[in-house]
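# Close look at the chain arrangement
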Amino acid sequence: MNVVRTRRTLEEGQQAQLLAAIDRWLEREVKPVVKEHDHADRWPGKIVAQMQELGLFGATISAEYGGLGLPATTYAEIVMRISAVWMAITGIFNSHLMLALAIEKFGTEPQKRRWLPKLASGEIRGGLALTEPDAGTDLQAIRMTARREGGHYVINGTKTWISNGIEGSCFALLVKTDPKAEPRHKGMSLFIAPKQAGFRVGRKLEKLGYKAIDSAELIFEDYRISADHLIGEVEGQGFYQATGGLELGRINVAARGVGIAEGALRLATEYAQLRRTFGKPIAEHQAIALKLGEMVTRARAARLLTLDAAAAFDRAERCDMEAGMAKYFASEAALENSTESLRIHGAYGYSKEYDIERLYRDAPLTCIGEGTNEIQRLIIAKQWLKRSTMA
Ligand SMILES: Cc1cc2nc3c(=O)[nH]c(=O)nc-3n(C[C@H](O)[C@H](O)[C@H](O)COP(=O)(O)OP(=O)(O)OC[C@H]3O[C@@H](n4cnc5c(N)ncnc54)[C@H](O)[C@@H]3O)c2cc1C
């Protein structure tokens, strides 16, 4: 049985309690330090420890393996709330949970027992290592290889853009176990790769936004691991396993987009009521009111699409099209609302003293991660045509 897609719900009271705890933490601990960490591009150790205490590293891992076992709807609400303040820190547990998802969904029972409790507690933190210097969207073009030697595999190659690459200690690593296979995906496998001899960080990548979380190049040179690190212990399933978590992954990026869209709206609303020109608050000028009207509509639509996809996920329904639509729309909403909010702030929007410049720098990533928005529209159309033909 697919544990991760089993129908999940949470009592309304439990959800409210959890979200209230997140809100209190954001207010007391995160808001006061976000600007300093973002500008210094400094990894927020204290915040990570607090996220660990809140159970966020086990948010979507089943309770039987030590996680909170949250439904996708509650998880999305948490990601939205945090992203409205500081989107980058959601990447510290989002990418980690994609690693956990691959193990819980496709791993053997001994693999789940060995890895999931430590991932759920945050004792081990990590992420998903798919992208290579020459292969992003076209994942099947990766060059990293794993060669079987008795009871071990020897891995060589380079990954890039890997979130948590420096601070994390374990990654789901996509490789070619049969580089000559046709079709190409049949030669791909996914490994649980802890940091040890043969696995090193090449360099930290400097970015426009999404600061404080580390994005890195990872280098594998004769990295040797025992065969029980192969997820599911069957070769050739890696492409399917790596993309098998995309529905939840897209809901998660959509939720980040909603957070930024709502956060940017909130900042614009506050500012437009305070800032006065020509004898009245700028919110009362029609040009600004029109912007606010569009922004609030966009944020609301993004939220509803995201919760709709998450609810379908929780009902264990197929929701690749719904998750794709949510991801596409919410990330574009993030981009547009952060731009409009920055413009409403006038010169102060361009200043590093105001929060909107961070949201403006963070928003574009949501259009790239978990499938670029170009590809997203192709996926939506493909699914739509398939469903229309079947109907
Ligand atoms: C901050 C950050 C964090 C990241 N974290 C991770 C991580 O943790 N793990 C990981 O594995 N990766 C990560 N990535 C990588 C990310 O997943 C890739 O950047 C993404 O998949 C796109 O790949 P690419 O950059 O190689 O672009 P390319 O694939 O080279 O695409 C370039 C452009 O061409 C378009 N394009 C490509 N193919 C087509 C097509 N068939 N039809 C139409 N248009 C097309 C794309 O939409 C894009 O606009 C991260 C990236 C960033 C920026």
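The text that follows walks through the structure, step by step, so that each part is easy to find.

## A word on the overall build of the protein chain
Looking only at helices and strands, the protein chain has 12 helices and 9 strands in total. Computed over C-alpha atoms, the radius of gyration of the protein chain comes to 21 Å, within 12% of the 21 Å expected from 2.2 N^0.38 for 391 residues, which places it in the range of a compact globule. Across its three principal directions, the C-alpha atoms of the protein chain cover 80 × 55 × 40 Å. Across the 391 residues that make up the protein chain, the buried fraction comes to 54%. Within the protein chain, counting contacts between residues at least 6 apart in sequence, those at least 24 apart form 75% of the total. Accessible area of the protein chain: about 17200 Å², with a carbon and sulfur share of 53%. Taken as two groups, the 52 positive and 48 negative side-chain charges of the protein chain have centres that lie 1 Å from each other.

## Structural notes on the site of the ligand
The local shell around the ligand holds 17 residues, among which Leu128, Thr131, Thr137, Trp161 and Thr372 are the closest. Side-chain polar atom of threonine 131 to a nitrogen atom of the ligand: 2.7 Å apart, as the coordinates give it. At 2.8 Å, a side-chain N or O of glutamate 374 approaches an oxygen atom of the ligand. Expressed as a share of its isolated accessible area of 980 Å², the protein-covered part of the ligand is 61%. If you list the elements that add at least two residues to the shell around the ligand, you get strand 1 (126-129), strand 3 (152-163), helix 11 (356-368) and helix 12 (373-390). When its residues are assigned to classes, the shell around the ligand shows 10 nonpolar, 5 polar and 2 charged.

## Some thoughts on the packing of helix 4 (residues 72-86) against helix 9 (residues 286-314)
Following both chains from N to C, one finds helix 4 and helix 9 inclined at 150 degrees, their axes separated by 8 Å at the closest point. Between helix 4 and helix 9, the residues in contact are Ala72, Thr73, Ala76, Glu77 and Met80 and Arg303, Thr306, Leu307, Ala310, Ala311, Phe313 and Asp314, respectively.

## Let's talk about the nonpolar core
One finds Met51, Ile82, Ile89, Phe93, Leu119 and Ile344 to be the most contacted residues of the largest nonpolar core, which totals 91 residues. Ranked by residues supplied to this core, first place goes to helix 8 (residues 246-274) with 12 residues.

## Let's talk about the pairing of strand 2 (residues 145-149)
As paired elements, strand 2 and strand 3 share 5 bridges and run antiparallel to each other. Opposite alanine 146, over in strand 3, you have isoleucine 155 as the bridge partner. Hairpin connection from strand 2 to strand 3: 2 residues lie between these consecutive antiparallel strands, with glycine 150 at a positive phi of about 60 degrees.

## Structural notes on the packing of aromatic side chains
Aromatic rings in a pair are described by how distant their centres are and how their planes are angled relative to each other. If you walk through the whole model with that rule in mind, you get 9 aromatic pairs. Between tyrosine 348 and tyrosine 354 the ring centres are 5.5 Å apart and the planes differ by 45 degrees, which places this aromatic pair in the tilted class. In textbook terms, an aromatic cluster arises when at least three aromatic residues are bridged by ring pairs, as seen for Phe171, Phe199, Phe220 and Tyr223. Positioned above the aromatic ring of phenylalanine 57, the side-chain terminus of arginine 125 is 6.0 Å from the ring centre.

## Section: the pattern of salt bridges
Across all of its chains, the model carries 26 salt bridges by this definition. Close ionic contact of arginine 361 with aspartate 38 constitutes a salt bridge, the shortest N to O distance being 2.6 Å. Of this pair, arginine 361 sits in helix 11 while aspartate 38 is found in helix 2 (residues 34-40), placing the two residues 323 residues apart along the sequence. The burial state of arginine 361 is the same as that of aspartate 38; both residues are buried. Ionic contacts of the salt-bridge type, sharing partners, join the residues Asp23, Glu77, Arg81, Glu262 and Arg303 into one network.

## Some points on the side chain of glutamate 104
Positionally, glutamate 104 belongs in helix 5 (residues 90-106). Within the structure, glutamate 104 has its side chain in polar contact with the side chain of serine 62 (distance 2.4 Å).

What counts, and at which threshold
Residues numbered from 1 in each chain as written. Predicted model: local features only at pLDDT ≥ 70, side-chain atom pairs only at ≥ 80, totals over all residues. Heavy atoms only, no water. Helix = DSSP H or I, 4+ residues; strand = E, 2+ residues; numbered from the N terminus. Rg over C-alpha atoms; globule rule 2.2 N^0.38 Å. Buried < 20%, exposed > 50% of the residue type's maximum accessible area, 1.4 Å probe, protein only. Contact = heavy atoms within 4.5 Å. Areas by Shrake-Rupley, 256 points an atom, 1.4 Å probe, with all protein chains shown as cover. Lys, Arg positive; Asp, Glu negative; His and termini not counted. Charge placed at Lys NZ, Arg CZ, Asp CG, Glu CD. Near = heavy atom within 4 Å. Polar contact = N/O pair within 3.5 Å; in protein donor to acceptor, adjacent residues only side chain to side chain. Nonpolar A, V, L, I, M, F, W, Y, C, P; charged D, E, K, R; others polar. Axes fitted to C-alpha atoms, helices over the stretch in contact; angles between N-to-C directions. Core = buried A, V, L, I, M, F, W, Y, C linked by side-chain atoms within 4.5 Å. Pairing = 2+ DSSP bridges. Phe/Tyr/Trp six-rings, centres within 6.5 Å; stacked < 30°, edge-to-face > 60°. Lys NZ or Arg CZ within 6 Å of the ring centre and 35° of its normal. Salt bridge = Lys/Arg side-chain N within 4 Å of Asp/Glu carboxyl O.

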